[in-house]
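The primary structure of each chain is shown beneath.
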Amino acid sequence: MPNQTTSEDGESTSVADTVKNLFKKNKKIIIGGSAALVVAASVFISLAKEQDVTEDFVPFPAPVAGDQKRQSPSLHTVREHQRRTKDGTITIPPYVRGGSTA
């Protein structure tokens, strides 16, 4: 029968009997682990309730008025750095960016 296994003393036992025996042997560990899981979940839920994430959440930045233009970033120098490409690593020399183009 597929739902029966052989025990140490040669007698066949069902899966349900095996589970019952494992629970009897490890009852304290199972109950302790379950209790720890419940405590951890309740702490997590209480911390999540204390944080009001929706108050400061802004899904999109405020739209820019029609007469306002986007401000350019300030003039700054980008340091030398390395960039990985599919052909290997290349070195990018320092350069200046930002500032007004007009």
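Cut-offs applied
Residues numbered from 1 in each chain as written. Predicted model: local features only at pLDDT ≥ 70, side-chain atom pairs only at ≥ 80, totals over all residues. Heavy atoms only, no water. Helix = DSSP H or I, 4+ residues; strand = E, 2+ residues; numbered from the N terminus. Buried < 20%, exposed > 50% of the residue type's maximum accessible area, 1.4 Å probe, protein only. Contact = heavy atoms within 4.5 Å. Pairing = 2+ DSSP bridges. pLDDT = per-residue confidence, 0-100.

Across its full length, the chain holds three helices and six strands. Traced from its N-terminal end to its C-terminal end, the chain shows the element sequence β-β-α-α-α-β-β-β-β. Across the 102 residues in the chain, those meeting the buried criterion constitute 3%. Within the chain, counting contacts between residues at least 6 apart in sequence, those at least 24 apart form 13% of the total.

Attention shifts here to the pairing of strand β5 (residues 88-92). Successive residues of a regular strand alternate their side chains across the two faces of the sheet. In the sheet, strand β4 (residues 81-85) pairs with β5 via five bridges, with the strands oriented antiparallel. The residue bridging R83 from the neighbouring strand is I90, located in β5. Between β4 and the antiparallel strand that follows it, β5, lie two residues.

Turning next to the environment of I90. With respect to the secondary-structure elements, I90 resides in strand β5. Ignoring sequence-local partners within four residues, the contact set of I90 consists of H81, Q82, R83 and T85.

Averaged over all residues, the pLDDT of the chain equals 81, while 75% of them reach at least 70. Across the chain, the element-wise mean pLDDT spans from 56 in strand β1 (residues 4-6) up to 94 in β5.

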